[in-house]
Structures are given as C-alpha cells and as structure tokens.
Amino acid sequence: MLGTFAVGKTSLVRRFVKGIFSDKYLTTMGAKVDKKSLAIDDVRMDLLVWDLNGEDRFQSLSMEYVRGSAGYFLVVDQTRPATLEAAHALRQKVEQTVGPLPFILIVNKIDLPGHWDRRQEDLDALRASGWICVETSAKTGTGVDEAFIALARRLVE
Ligand code: GDP
Ligand code: MG
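What you are looking at is a predicted structure, and each value in this text was computed from that prediction instead of being measured. (Residues numbered from 1 in each chain as written. Chains lettered and ligands numbered in written order. Predicted model: local features only at pLDDT ≥ 70, side-chain atom pairs only at ≥ 80, totals over all residues. Heavy atoms only, no water.)

> Mind showing me how you'd approach the site of ligand 1 here?
Close to ligand 1 lie 18 residues, the nearest being Ala6, Lys9, Ser11, Asp111 and Ala138. Val7 is positioned with one of its backbone polar atoms (N or O) 3.3 Å from an oxygen atom of ligand 1. Here ligand 1, which alone exposes 580 Å², has 90% of that area covered by the protein. By residue number, the principal contributor to the shell around ligand 1 is helix H1 (residues 9–18), which donates 3 residues. In terms of residue class, the shell around ligand 1 is built from 7 nonpolar, 6 polar and 5 charged. (Near = heavy atom within 4 Å. Polar contact = N/O pair within 3.5 Å; in protein donor to acceptor, adjacent residues only side chain to side chain. Areas by Shrake-Rupley, 256 points an atom, 1.4 Å probe, with all protein chains shown as cover. Helix = DSSP H or I, 4+ residues; strand = E, 2+ residues; numbered from the N terminus. Nonpolar A, V, L, I, M, F, W, Y, C, P; charged D, E, K, R; others polar.)

Right under this line is the structure:
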C-alpha cells in the first residue's frame with residue numbers, strides 16, 4: 001500500500017481483510033502484514049498485504065519493502081488533489097528503484113461529497129494511458145474487493 005498519509009491505506013486493508021471500518025486514525029508504525037486468500041479463475045492466491053507507514057520521511061524505508069513485492073497499490077484521497085501528485089512521485093520512485101511493477105490506482109473516500117476539480121478528466125486520461133483506476137470507499141466497502149482482485153489479476157497475467 002503506497003500513498004501519502006491519511007489517504008486510507010490502513011482502512012482499505014482492514015476492510016478487505018476483516019470487513020470492518022473505524023473512524024479512528026491510527027498512524028501505522030513501521031509495517032504491518034496481513035494475509036488474505038482469494039481465487040482468480042480457479043487459481044488460489046495468498047496475498048500478503050504490506051501496510052507501510054505513509055509518513056513521507058519514511059518513504060525511503062517503504063522502498064525496501066517495495067523491492068520484495070510483486071505489485072502495489074497507489075492510494076489517493078479524492079478530496080485532496082495533492083495526494084495524486086504524491087502518488088505520481090511515489091510511482092516514479094518505485095520505477096527508479098525496482099523498475100516497472102504491476103500497480104493499481106485506488107481513488108479512495110468516494111463516499112465523501114467533495115472531490116478535486118477535473119477528477120473525472122484526470123482519471124480518464126490515466127485510464128487512456130493504461131492505468132487501472134478503481135474508485136473505493138473503505139467506509140462503505142464500495143470497490144474495495146474489486147481493487148484487490150484487479151491487482152491479483154495483474155499478478156497472474
Ligand atoms: P492511512 O494513513 O493511509 O493508513 O489512512 P487511514 O486508513 O488511517 O485513514 C485515515 C483517515 O481517513 C481515518 O480517519 C479513516 O477513518 C478515514 N478514511 C479512510 N478511508 C475512508 C473512506 O473511504 N471514507 C471516509 N469517509 N473516510 C475514510
Ligand atoms: Mg496507515
């Protein structure tokens with residue numbers, strides 16, 4: 001899970017793995033790993049999901065985890081445009097550090113009314129360039145399974 005602070009990385013993992021949501025904001029210390037099994041076209045997979053600390057000053061540490069991963073999520077918060085810029089910077093860092101890896105863009109907090117200007121245009125342009133973008137709410141659960149399945153699919157392609 002890559003993305004700047006408070007975009008919902010920890011909440012998305014909790015929703016996906018445990019099916020729960022909490023409004024409490026807990027800064028994740030270091031890294032936490034959760035496992036979830038799923039099946040893609042009869043292929044059983046165990047996903048090990050690494051929830052990393054989103055603090056920017058620890059991003060260099062995150063890259064050490066990225067080095068060992070099969071793919072990643074870029075998570076943004078639809079109410080904060082700066083989180084998309086942060087995601088672009090993170091993706092560049094991943095590509096510089098480990099080269100291209102499968103990833104999915106998660107646009108989270110779609111249950112909230114506000115979103116950045118031209119969000120739809122931005123997503124259309126990213127999709128046109130080949131990105132898979134999934135809109136989610138960790139709060140209501142919308143799109144969360146779809147996002148994880150989309151990455152799992154890319155991993156078995
Ligand atoms: P992280 O820093 O990226 O791990 O973000 P968290 O998962 O800790 O979430 C940060 C804050 O956003 C918390 O207060 C969450 O309850 C809230 N949050 C996360 N996902 C959603 C969502 O989909 N909708 C809403 N309304 N709040 C969310
Ligand atoms: Mg967290």
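> Can you walk me through the pattern of salt bridges in this structure?
Side-chain pairing between opposite charges can occur once the charged atoms of the two side chains come close. Scanning the entire structure with this criterion turns up 10 salt bridges. One salt bridge connects Lys109 with Asp77, and the closest N-O pair in it is separated by 3.2 Å. You can see Lys109 sitting in the loop between strand S4 (103–108) and helix H4 (119–128) and its partner Asp77 sitting in strand S3 (residues 72–77), a full 32 residues away along the chain. Within the structure, one salt-bridge network assembled from shared partners comprises Lys18, Lys32 and Asp34. (Salt bridge = Lys/Arg side-chain N within 4 Å of Asp/Glu carboxyl O.)

> Got a minute to help me understand helix H3 (residues 82–98) in this structure?
Note: α-helices contain 3.6 residues per turn, so residues at a spacing of three or four share the same orientation. End to end, H3 covers 24 Å across 17 residues, agreeing with the expected 24 Å (1.5 Å per residue, within 8%). All of the buried residues along H3 are Thr83, Leu84, Ala87, Leu90 and Val94. Down the axis of H3, the smallest arc covering the buried residues is 115°, so these residues share one side. The outward face of H3, more than 90 degrees from its buried face, is lined by the exposed residues Ala82, Glu85 and Gln96. (Expected span 1.5 Å × (residues − 1). Buried < 20%, exposed > 50% of the residue type's maximum accessible area, 1.4 Å probe, protein only. Arc of directions from axis to C-beta.)

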